[in-house]
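Each chain, letter by letter, is given below.
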Amino acid sequence: RDESFPFVRVAEFGPYMKRTYGIDRLEYPSISWIEPGDCVLTNDCGHIMWVTSVENGRVYTCANTNDRWAYNLSVDAIDAVIKTSDLFA
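Residues numbered from 1 in each chain as written. Predicted model: local features only at pLDDT ≥ 70, side-chain atom pairs only at ≥ 80, totals over all residues. Heavy atoms only, no water.

> Help me understand the nonpolar core, please; the structure alone is not making it clear to me.
Considering soluble globular proteins, one finds that nonpolar side chains tend to be buried as a cluster. In terms of nonpolar packing, the biggest core is built from 9 residues, these being I34, V40, M49, V51, V59, A63, L73, I78 and V81. For this core, the secondary structure elements donating two or more residues are strand 3 (48-55), strand 4 (58-63) and strand 6 (78-82). Among all residues touching V59, those that are not within four sequence positions of it are I31, I34, V51, S53, Y71, N72, L73, V75 and I78. In this structure, Y16, M17, L41 and I82 belong to the second largest nonpolar core, which totals 8 residues. (Core = buried A, V, L, I, M, F, W, Y, C linked by side-chain atoms within 4.5 Å. Buried < 20%, exposed > 50% of the residue type's maximum accessible area, 1.4 Å probe, protein only. Helix = DSSP H or I, 4+ residues; strand = E, 2+ residues; numbered from the N terminus. Contact = heavy atoms within 4.5 Å.)

> Quick question: what am I supposed to make of the packing of aromatic side chains here?
The geometry of an aromatic ring pair is captured by two quantities: the separation of the ring centres and the angle between the planes. As enumerated under the stated definition, the model contains 2 aromatic pairs in all. Ring centres of F13 and W50 lie 6.4 Å apart, and the angle between their planes is 80°; this geometry places the pair in the edge-to-face category. Of this pair, F13 sits in helix 2 (residues 10-21) while W50 sits in strand 3, and the two are 37 residues apart along the sequence. Of the residues examined, W50 reaches a relative accessible area of 35% and is grouped as partly exposed. Plain terms: the ring middles of Y16 and Y21 are 6.4 Å apart, the flat faces sit at 80° to each other, and that makes the pair edge-to-face. Note on Y16: relative accessible area 8%, which makes it buried. (Phe/Tyr/Trp six-rings, centres within 6.5 Å; stacked < 30°, edge-to-face > 60°.)

> I would appreciate a short explanation of the side chain of K83 in the present structure.
Along the chain, K83 falls in the segment after strand 6. Excluding residues that lie within four positions of it along the chain, K83 makes contacts with I23, D24, L26, W33, E35 and D38.

> Where do I start with the pattern of salt bridges in this structure?
Opposite charge on two side chains permits pairing when their charged atoms draw close. One pass over the full model with this rule turns up 5 salt bridges. Ionic pairing is found between K83 and D38, a salt bridge with its closest N-O pair at 2.8 Å. Taken together, the positions of K83 in the segment after strand 6 and D38 in the loop between strand 1 (25-27) and strand 2 (39-42) put the pair 45 residues apart, joining distant regions of the chain. Here the two residues K83 and D38 agree in accessibility, since each one is buried. Each of R25, E27 and D79 takes part in salt bridges that share partners, so that together they form one network. (Salt bridge = Lys/Arg side-chain N within 4 Å of Asp/Glu carboxyl O.)

Here is the structure:
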């Protein structure tokens, strides 16, 4: 099986992380749940972005779409969080 599949298809990423690492997808997250190293899924579930920092109520992310780094992502645009930061704890 091609393990890169979940990293190409956004819809498969959450189930892959649950199955492989036991990490749940947290729906409608509070900003207090989000930490650097987490993945956030946008409202349209079209993008996964990695959280680089959370500062002063703002979530900064990176993603390969448009080579975004330290992108200030509106919390309102976040549909779910996958607590990948737990892998680094």
